[in-house]
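Listed below are the residues making up each chain.
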Amino acid sequence: MLKNYFKIAWRNLLKNKAFSIINIFGLAIGIATCLIILLFVQNELSYDRFNEKADQIVRVTFGGMMSGERMKECVMPPMIAQTLRNDFPEVLDATRLKNNGDIPKISYKEKTFQEGKFASVDSNFFRVFTIPFLKGDAKTALIEPNTVVITEELAKKYFGNEEPIGKILQFKSYNVSKKVTGVIKKIPVNSHFHFDIFSSMADVPEAKGNSFISGSFFTYLVLPVGYDYKKLEPKLSQVVEKYLSPQLKQALGMNIQEFRKKGNDLGLYLQPLTDIHLHSDFTSSLEPGGDIRYVYIFGAIALFMLLIACINFMNLSTAGASKRAKEVGIRKVLGSLHSALIGQFLFESILLVVIALIIALVLVSLALPVFNSLANKELDLHLLGNPFILISLLGFGLLVGILAGSYPAFFLSSFKPIQVLKSKFTSNKKSISLRSGLVVFQFFISVILIVGTIVVYKQLAYIQNKKLGFEKDQVLVVRNSYILGNKEAILKEQLRQDPRVVDITTSAFVPAGPTKMDMTSTFADGNKTQVRRTNVYQIDERYILTMGMQIISGRNFSKNFPTDSSAVIVNETMAKMYGWGTNPVGHKLHFFTNNNGGSKEVTVLGVVKDFNFKSLHEEIGPVMMVLQYSPGLIIKVKPANIAGLLTSMKMQWSKFNADEPFTYSFLDDDFIKAYISEQKTGTILGIFSALTVFVACLGLFGLATFTADQRTKEIGIRKVLGANVGQIVGLLSNEFLKLVLIACVLALPLAWFAMSKWLQDFAYRIDISWWIFVLAGICALLIALVTVSFQAIKAAMANPVKSLKTE
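The numbering scheme is per chain: residues are counted from 1 as the chain's sequence reads. Where totals are concerned, whole chains, interfaces and linings use all residues; where local detail is concerned, this predicted model gives features only for residues with pLDDT of at least 70, and gives and counts side-chain atom pairs only at 80 or more. Note that the side-chain values use all heavy atoms of the structure and ignore hydrogens as well as water.

This next bit is on the overall build of the protein chain. Within the protein chain, the regular secondary structure consists of 24 helices and 24 strands. Counting across all 807 residues of the protein chain, residues that qualify as buried make up 52%. Counted over contacts in the protein chain with a minimum sequence separation of 6, partners at least 24 positions apart contribute 78%. Using a 1.4 Å probe, accessible areas were evaluated by the Shrake-Rupley method; residue-level cover was limited to the displayed protein chains. Summed over its atoms, the accessible surface of the protein chain is roughly 37,400 Å², and 60% of this surface lies on carbon and sulfur atoms. Helical segments are the DSSP runs of H or I of at least four residues, strand segments are the runs of E of at least two, and each set is numbered from the N terminus. Each residue is placed in one exposure class: buried if its accessible area under a 1.4 Å probe, protein chains only, is under 20% of its type's maximum, exposed if it is over 50%, and partly exposed if it falls in between. Note on contacts: a residue pair qualifies if any of its non-hydrogen atoms lie within 4.5 Å across the two residues.

Once that is clear, we can look at the sheet that holds strand β15 (residues 501-506). On the basis of which strands lie adjacent, the open sheet formed by four strands has the order β15-β23-β14-β24 and antiparallel pairing. What marks the edges here is a single partner per strand, and that holds for β15 and β24 (665-666). Examined bridge by bridge, strand β14 (residues 475-478) and strand β23 (residues 633-637) share four bridges and lie antiparallel to one another. Counted as the bridge partner of valine 478 is leucine 633 from β23. Axis lines are fitted to C-alpha atoms, over the contacting stretch for helices. Their N-to-C directions set the angle, which ranges from 0 to 180 degrees. Its contacts with the sheet place helix α15 (residues 487-496) against β15 and β23, and it is angled at close to 160° to β15. Its contacts with the sheet put helix α18 (residues 642-655) on β14, β15, β23 and β24, and the angle it makes with β14 is roughly 20°. Between any two strands, pairing holds if DSSP finds at least two bridges.

A few words now on the side chain of threonine 274. By the element assignment, threonine 274 lies in the loop between β13 (265-272) and α9 (292-319). The contacts of threonine 274, once residues within four sequence positions are left out, are Tyr47, Arg49 and Ala54.

Salt bridges are identified by distance alone: a Lys or Arg side-chain nitrogen within 4 Å of an Asp or Glu carboxyl oxygen. Per the stated rule, a full pass over the model turns up 17 salt bridges. For the salt bridge of glutamate 90 with lysine 235, the shortest nitrogen-to-oxygen distance reads 2.7 Å. Taken together, the residues span a long stretch of sequence, with glutamate 90 in the loop between α3 (80-87) and β3 (93-102) and lysine 235 in the loop between α6 (229-232) and α7 (237-252) at a distance of 145 residues. The class of glutamate 90 is buried, set by a relative accessible area of 10%. Put simply, lysine 98 and glutamate 206 hold a salt bridge, and the shortest N to O gap is 3.5 Å. Of this pair, lysine 98 sits in strand β3 while glutamate 206 sits in the loop between β11 (197-200) and β12 (218-222), and the two are 108 residues apart along the sequence. Given a relative accessible area of 15%, lysine 98 falls into the buried group. Among the residues examined, glutamate 206 registers a relative accessible area of 33% and is labelled partly exposed. In the salt-bridge network here, residues are joined through shared partners; they are Arg85, Asp93 and Arg127.

Close contact between α15 and α18 brings their axes to 11 Å; oriented N to C, the two are set at 150°. Between α15 and α18, the angle falls in the class roughly antiparallel. Between α15 and α18 the crossing geometry is right-handed. On α18, the residues touching Leu491, Gln494 and Leu495 of α15 are Met649, Gln652 and Trp653. Residue polarity follows a fixed list, in which Ala, Val, Leu, Ile, Met, Phe, Trp, Tyr, Cys and Pro are nonpolar, Asp, Glu, Lys and Arg are charged, and the others, Gly among them, are polar. Considered class by class, the residues forming the contact of α15 with α18 number four nonpolar, two polar and no charged. Any angle that falls under 35 degrees is termed roughly parallel, while one over 145 is termed roughly antiparallel, one within 65 to 115 roughly perpendicular, and all others oblique. With the far helix as reference, a near helix turned anticlockwise by less than a right angle produces a left-handed crossing, and one turned clockwise produces a right-handed crossing.

Among buried residues, the Ala, Val, Leu, Ile, Met, Phe, Trp, Tyr and Cys ones that are joined through side-chain atoms within 4.5 Å form a nonpolar core. Counting residues in each nonpolar core, the largest one holds 113 residues, and the members touching the most others are Val451, Tyr543 and Met625. With residues near it in sequence (within four places) discarded, valine 451 still touches Leu748, Ala751, Met755, Ile772, Phe773 and Ala776. The next biggest cluster of nonpolar side chains, apart from the first, holds 27 residues, and it includes Ile57, Val75, Leu97 and Ala141.

On to the side chain of threonine 151, then. Secondary-structure assignment places threonine 151 in strand β8 (residues 147-151). Classification of threonine 151 by relative accessible area gives buried; the value is 2%. Residues within four places of threonine 151 in sequence aside, it is in contact with Val183, Ile184, Lys185, Phe195 and Asp196.

So, about the environment of asparagine 51. If you trace the backbone, asparagine 51 turns up in the loop between α2 (17-45) and β1 (57-66). Judged by relative accessible area, asparagine 51 falls into the buried class, the value being 3%. A sequence separation of 223 residues divides asparagine 51 from threonine 274, and the C-alpha atoms of the two residues are 9.7 Å apart. Those residues in contact with asparagine 51 that sit more than four places away from it in its chain are Phe129, Thr130 and Leu273.

Before going further, it helps to examine a nonpolar patch on the surface. A cluster of nonpolar side chains, Trp770, Trp771, Val774, Leu775, Ile778, Leu782 and Leu785, forms an exposed patch at the surface whose accessible area comes to about 670 Å². Among the secondary structure elements, tryptophan 771 is positioned in helix α23 (residues 770-796). Any residue with relative accessible area above 30% and no salt bridge may belong to a patch, with like charges joined within 9 Å and the nonpolar Val, Leu, Ile, Met, Phe, Trp and Tyr side chains within 5 Å.

Attention now moves to α15. Three or more residues of α15 are buried, namely Glu488, Leu491, Lys492 and Leu495. Each buried residue of α15 lies within a common arc of 100° when the element is viewed along its axis, so the set occupies one face. Taken together, the buried residues of α15 touch β15, β23 and α18. By construction, the arc corresponds to the directions joining the helix axis to the C-beta atoms.

All of the buried residues in α3 are Ile80, Ala81, Thr83 and Leu84. Down the axis of α3, the buried side of the element spans an arc of 170°, and every buried residue falls inside it.

Below, the discussion takes up the state of the cysteines. Criterion for a disulfide: a pair of cysteine sulfur atoms within 2.5 Å. Using the criterion set out here, one finds zero disulfides in the structure. Cysteine cysteine 744 remains unbridged, with the sulfur of cysteine 779 as its closest cysteine sulfur at 9.7 Å. Residue cysteine 744 is classed as buried on the basis of its relative accessible area of 5%. Taking relative accessible area as the criterion, cysteine 779 reaches 26% and is therefore assigned partly exposed.

Now for the pairing of β3. With five bridges connecting them, β3 and β12 associate as antiparallel partners. By the bridge assignment for β12, alanine 94 is matched with leucine 221. Alignment of β3 against strand β6 (residues 117-121), held across four bridges, turns out to be antiparallel. The partner of lysine 98 across the bridge, within β6, is serine 120.

Among the five residues that make up strand β22 (residues 623-627), four are buried, leaving the element largely enclosed by the rest of the structure. The sheet contact formed by strand β17 (residues 532-539) and β22 spans five bridges and is parallel. Bridge pairing links asparagine 535 to valine 623 in β22. With three bridges joining them, strand β19 (residues 567-571) and β22 adopt antiparallel strand pairing. Directly across from valine 570, in β22, lies its bridge partner methionine 624.

Encoded structure:
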């Protein structure tokens, strides 16, 4: 029987090539898109789950409210880990990690390297996290000072075929030597941190501090199997009361109870390890995380894409039912069972899906490298290495085939043979209504995606063109000039004399791209009850001029006033925050200088116009600029002959015999890179939207083809009676355009709601203009009109004599 099913199915497929191709490729594109998105979603949800204790590990976070400003940080004071382990028996283990940034200059014999990331960790770090050791002992590798564990890739780069254990690496930037005591595998891609060198925490003086107020350690706890971390979280208030409160009293003159009475709050919280990647909006995160909202968005697109592809299949199959009506009638007269007919049509449906699935896998293999490049992923099907995926795909294909073919199968097999053989068969009104409803649903989804794509691209364009409060064009940044030591000042003076240089400043604080970020707590005019977390910029007197910033009150720093070392410049936000009104100059500001509660009093010298120094996802916060050396050169250059200037700078750099090569970046490029994630997400959304619209149009094209075929005689008669091509095209198009118009009316309100929610994540965002919805509606109607008109024009141009002879 299966052989017979296959013969009939294959003959029908060849007989209706156009419908078959549309069905197969529509399903293939839908399945391929769905598979890619599901791989992406699965990857996003898999972060940190490779750890054997993934479900037991939580990260300690810090949150609270200070003078109306909400704080949410994931770096902890040094004493938190040991304190929680000692005070709470449910904490089985605790470990810390300190992010040291880029690997400093390291040499071994005559080789010198500087690539990758560098962290300091406690000796039990590899007992908490599952990072396989290839050489050395994970339990003892980092107990002693000046020891490091490196990845396999670095070991091969540094030592080649030599045995790495026991080798000495010279950390030239720190002027220390460290012994290699372990070699580990590369950290998996789906981890919330990636480092190439782990150094002993015994080398970090700050790690031995007793502060409960400030610190820069990421702290992780191991809880018992099956233990609910929410049971421990309320108990952490005991730590605040017992340890933090006395230090707060020393720093601010009030304990935690008095602090809270003034509307402030401080507290410790816990975050499951597996939530870090998708649910983190903390300051000072180890790496940019994902976003659970995009997982939902792309998951919904995958579902809708597959639904649309299945809808196309159902639409075209039911629409083409009349062509096989006589076949069904004859087979019923000859004794075919109802179940046999259902089996035949389900088999045909599954066969088409299997062919589509094979094509989809080919499309996925071709598209994954492009998608990986856009999404910065390393997705792979791993079909041969994972039987589960193979079985899942086959089950998936079978399910889609049955779902997509069930309605056509039962619909076709229900035809009455007498009516069919007397040519009295007409399409069922219910099936026509169903097809119309499905067309509306397809374009409902398509219109939402069109609106979403337009809004995303407009927001990205707004970000790139927004006035930021500083000039980012023709600004050259040399971040590693610190390695020149006292020769940095010589290079700076040489560049100042270059006619191609407009201005130059020394600072590590750059309002885009990699930068130093210092924060402190400040209070104004001696009022310790109004403490605010404030960003600190260490600059020289040329910084504001070089960056094109604007002083709106008071004056800039000057070498002519030695007392400026005890003065600060604040931004507008900080002046408003402390209620200084129109005359903030001369007010006294205090900021904490150490962990023991000491503070320094400074005088406000001037106010700089607000500038965006963080992502546009965040509102501008308070900034305090101090006159203090900070390494790094920022150079405003003339647009002419920048290449020549860079060549000259390389030559000057080489004369200083610097250990590191000359590296630089342009500030506008750094700014664009800061939003590369949004740009790539916008591109991916645009591609998926286009594919969804394309698949919807495939179905519409198939229905238009069927409609034209069904109305062949009507078209012929109308042409004989004088109807022109335009009238006939309008006749065939109006029905579909009405459906698309209904879809627009239903989709546009939901699209506005969805994109308004998305834009709320940006502190600075566009307004969703009415013309976006008009444009989306016009696009949808034009796409539908072009799709339908192609077949309508073909039918209208046909010879009416042939049309009237058609049976």
